[in-house]
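Given next are the chains, with one letter for each unit.
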Amino acid sequence: MKVIGLIGGMSWESSAEYYRFINEQIRTRLGGAHSAKSLMWSMDFGEIESLQHQGEWGVLTQKMCEAAVNLEKGGADFIIICTNTMHRMAETIEANIAIPLLHIADPTAQKIKDAGISRIGLLGTAFTMEQDFYKGRLSEKFGLDVIIPDDEDRKIVHDVIYHELVSGVILDESRDKYRKIIQKLVDNGAQGIILGCTEIMLLVSQQDSSVPIFDTTEIHALAAVDRALGN
């Protein structure tokens, strides 16, 4: 079994789900008392969130590269970043380590393509929805047509993530807002919805959507298990 290196803490609410998914899946596949061989470098998200909203992406890139190098030195065989937004610097991180980085968008896009879907709605932080590092990978590498909510709805999605979900606050009224936003995307032709922030799965599930939901947290975690077991 390979050692999974996780860059987590962004937020720890979703990192805990990664740890749970990975270890449950290892036990299911190997049986008995088996669990994953893993290392986690957990960030202080208060620090990270502040730098994100200040636009200090250079500082953030340095911190992420340092985390990846530390995991490599600690014995990780490959790296996963337990957040969608911080894949903004994935290429730079890859250039600073000698072990592979398993990009969150890749297994997600493959699941979407396997489902026969070509037009996909994307929910996430404003950074993920508006910048090209994520949408561009989905479209250029996998040929997906990615649509996002309008300005007002993007603000709602972003604010719920940063003001509620990263602190473990789950509100029914926010779920209702997300349901309406999802339905708007469906009305605009989305054949499925990417939960493109690893905390959204705490709020939204398949029952909240009339089209397939693609939870990046679970998909990424299970892809890490596949890699760890050589599948």
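Residues numbered from 1 in each chain as written. Predicted model: local features only at pLDDT ≥ 70, side-chain atom pairs only at ≥ 80, totals over all residues. Heavy atoms only, no water.

**Comments concerning the side chain of S14**
Heads up, the condition is: In this text, helices come from DSSP runs of H or I with a minimum length of four residues, and strands from runs of E with a minimum of two, each type numbered from the N-terminal end. Think of it in three bands: residues with accessible area under 20% of the maximum for their type are buried, residues over 50% are exposed, and the middle band is partly exposed, with areas taken using a 1.4 Å probe on protein chains only. In the analysis that follows, any N or O atom pair within 3.5 Å is treated as a polar contact, provided that within protein one partner can donate a hydrogen and the other can accept it, and provided that, for residues neighboring in sequence, both atoms belong to side chains.
Tracing the sequence through the fold places S14 in helix α1 (residues 12-30). Relative accessible area serves as the criterion here: at 0%, S14 is assigned to the buried category. In this structure the side chain of S14 is engaged in a polar contact, spanning 3.1 Å, whose partner is the backbone oxygen of S11. A polar atom in the side chain of S14 sits 3.0 Å from the side chain of T198.

**What to know about the sheet that holds strand β5 (residues 145-147)**
What counts here: Note on pairing: DSSP must find at least two bridges between two strands before they are called paired. Inter-axis angles, ranging from 0 to 180 degrees, are taken between N-to-C directions of lines fitted to C-alpha atoms, where helices are fitted over the stretch in contact. Here, residues are in contact when the closest pair of their heavy atoms is within 4.5 Å.
On the basis of which strands lie adjacent, the open sheet formed by 4 strands has the order β5-β4-β6-β7 and parallel pairing. Sheet topology places β5 and β7 (213-215) at the edges, where each strand pairs with a single neighbour. Taking the axes of each pair of neighbouring strands and ignoring which way they run, one obtains an average angle of 30° across the sheet. Bridge count for strand β6 (residues 192-195) against β7 is 3 bridges, and the pairing is parallel. Across the sheet, the residue bridging to I194 is F214, located in β7. Helix α9 (residues 172-187) contacts β4 (119-123), β5, β6 and β7 of the sheet and is inclined by roughly 155° relative to β4.

**Thoughts on the nonpolar core**
What counts, and what does not: Joining through side-chain atoms within 4.5 Å is the link that ties buried Ala, Val, Leu, Ile, Met, Phe, Trp, Tyr and Cys residues into a set, and such a set is a nonpolar core.
If you look at the biggest cluster of nonpolar residues, it comprises 80 residues, and the most contacted ones within it are I7, I22, I80 and L123. With 7 residues, helix α3 (residues 57-74) is the largest single contributor of residues to this core. Apart from the residues lying within four places of it in its own chain, the contact partners of I80 are I4, G5, L6, I7, Y18, I22, L101, L102, H220 and A224.

**Details of the packing of helix α8 (residues 151-163) against α9**
Convention followed: Handedness of a crossing follows from how the near helix is turned relative to the far one, being left-handed for an anticlockwise turn of less than a right angle and right-handed for a clockwise one. Throughout, the ten residues Ala, Val, Leu, Ile, Met, Phe, Trp, Tyr, Cys and Pro are labelled nonpolar, Asp, Glu, Lys and Arg are labelled charged, and all others, Gly among them, are labelled polar.
Where α8 meets α9, the axes come as close as 10 Å, and the angle between the chain directions of the two elements is 145°. Where α8 crosses over α9, the two elements pack in a sense that is left-handed. Residues D153, I156, V157, V160 and I161 of α8 pack against S174, K177, Y178, I181 and K184 of α9. Taken together, the residues of the contact of α8 with α9 break down into 6 nonpolar, 1 polar and 3 charged.

**Some thoughts on empty space enclosed by the protein**
Going by this rule: Definitions used throughout: a 1 Å grid over protein atoms alone; a cavity as a set of points that fits a 1.4 Å probe which cannot get out; a pocket as an open set with protein on both sides within 12 Å along at least five of seven lines; a lining residue as one with an atom within 4 Å of a point. Grid points are joined across faces, edges and corners, and a volume is the space filled by probe spheres set on the points.
Applying the stated criterion across every chain, the model contains 1 cavity of 30 Å³ or more. Looking at the largest cavity, its volume works out to about 80 Å³. Around the largest cavity, the lining is made up of 14 residues, and of these M10, T83, T85, T125 and E199 lie nearest the centre. Within the residue set of the lining of the largest cavity, elements represented by two or more residues are α2 (45-54) and α8. When grouped by side-chain class, the residues that make up the lining of the largest cavity number 6 nonpolar, 7 polar and 1 charged.

**Some words on the side chain of E199**
Looking at the secondary structure, you find E199 in the loop between β6 and β7. At 2.8 Å, the side chain of E199 and the side chain of S14 are in polar contact. Leave out the neighbours within four places in its chain, and E199 touches M10, S11, S14, I161, L165 and V166.

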